[in-house]
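Okay, here's what each chain looks like letter by letter:
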Amino acid sequence: MNVCSVISIVREAAKLMVREGFSVEEKGTIENIVTSSDLAVQHFLMENLSSILPDCGFLCEEEDLSDTFHKQVWIIDPIDGTANYARGDENCCISVALIENGYPKLGVVYSPWRDQMWWAERGRGAFCDGNSIVVSERQFEQGLFFTAMSTYRKEFAQTCSRIIYDVYMQSNDVRRLGSAALELCLLAEGKAELYFEMRLMPWDYAAASLIIQEAGGFICGLDGEMPSLSKPSLVLAANSRENLRRILDVVHKYMKNLPY
């Protein structure tokens, strides 16, 4: 199994992200939706990834699928940015990570409507469309800041707003695309420098976390360590260790423990 095989499978899966004729349903709240395309992509990925790595587990966003009692586990978000996808917005992507003994080994993120493919293998660098990528060298004050207001848990919005305001006043500007995996990949290729989300699931960031690290960037949770790959986590990322420390210091001003 190699990254080319996974890339090929992901490209084929993206053909199921049709532009019309899909259904949309809510998953508990009006903000959290699933489309028939999410399910089609997930089923295709599971079937085909199993064929190249038979004895593996899966942790996937849709259908509450968590089969992680294996040495190797695929973590899949069939469509990250489903709300964008449902509206015809190009800011959506497929995210696939292979975890081995608890650590990311391979990450692939594909944005089909942008036709951009990011990937990384541990120890082999990070790439976008075949070109090597690295994070920028910009300082905190020059940094563009990807962030969000905890869409699915709006009770955290006030704390988020305080953190966002604090970072915004020290940095260049704020961006919000509505796809965590996509935003993290853009940071990895030097198009932003700072990232904060109060609560993400592993499938939102598993693949992109490796891409960021292999591009020379840094990612962590509230404790400064790698975000959990088995449960929800606060996620911070930056282009440099110093910028990550500064954004972590801001977060610690407003919260000492996770509120979930």
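This structure is a prediction, so every number in the text was calculated from the model and none was measured.

J.: Which residues make up the environment of Glu12, and what values do they have?
T.: Along the chain, Glu12 turns up in helix α1 (residues 3–14). Under the relative-accessibility criterion, Glu12 is labelled partly exposed at 37%. Remark: the alpha-carbon pair of Glu12 and Ser132, spanning 120 residues in sequence, is separated by 23 Å.

J.: Lay out the sheet that holds strand β12 (residues 173–175) in plain terms, naming residues and giving numbers.
T.: The five strands lie next to each other as β12-β11-β13-β15-β14, forming an open sheet whose pairing is mixed. Each having just a single partner strand, β12 and β14 (218–220) make up the two edges of the open sheet. Averaged over neighbouring strand pairs, the angle between their axes works out to 20° when direction is ignored. Two strands pair when backbone bridges link them, and β14 and strand β15 (residues 233–238) are joined in this way by three bridges, in the antiparallel orientation. Its bridge partner being in β15, Cys220 is matched across the sheet by Leu236.

J.: Describe the side chain of Ser233, naming the residues involved and giving the relevant values.
T.: Tracing the backbone through its elements, the reader meets Ser233 in strand β15. Judged by relative accessible area, Ser233 falls into the buried class, the value being 6%.

J.: I'd like to hear about the packing of helix α5 (residues 180–188) against helix α6 (residues 202–214), residue by residue, with values.
T.: Packing of α5 against α6 leaves a shortest axis separation of 8 Å and a crossing angle of 5°. Classified by the angle their axes make, α5 and α6 are roughly parallel. Between α5 and α6, the residues in contact are Ala180, Ala181, Leu184, Cys185, Leu187 and Ala188 and Asp204, Tyr205, Ala208, Ile211 and Ile212, respectively. Classifying every residue of the contact of α5 with α6 gives 10 nonpolar, no polar and one charged.

Conventions adopted
Residues numbered from 1 in each chain as written. Predicted model: local features only at pLDDT ≥ 70, side-chain atom pairs only at ≥ 80, totals over all residues. Heavy atoms only, no water. Helix = DSSP H or I, 4+ residues; strand = E, 2+ residues; numbered from the N terminus. Buried < 20%, exposed > 50% of the residue type's maximum accessible area, 1.4 Å probe, protein only. Pairing = 2+ DSSP bridges. Axes fitted to C-alpha atoms, helices over the stretch in contact; angles between N-to-C directions. Parallel < 35°, antiparallel > 145°, perpendicular 65-115°, else oblique. Contact = heavy atoms within 4.5 Å. Nonpolar A, V, L, I, M, F, W, Y, C, P; charged D, E, K, R; others polar.

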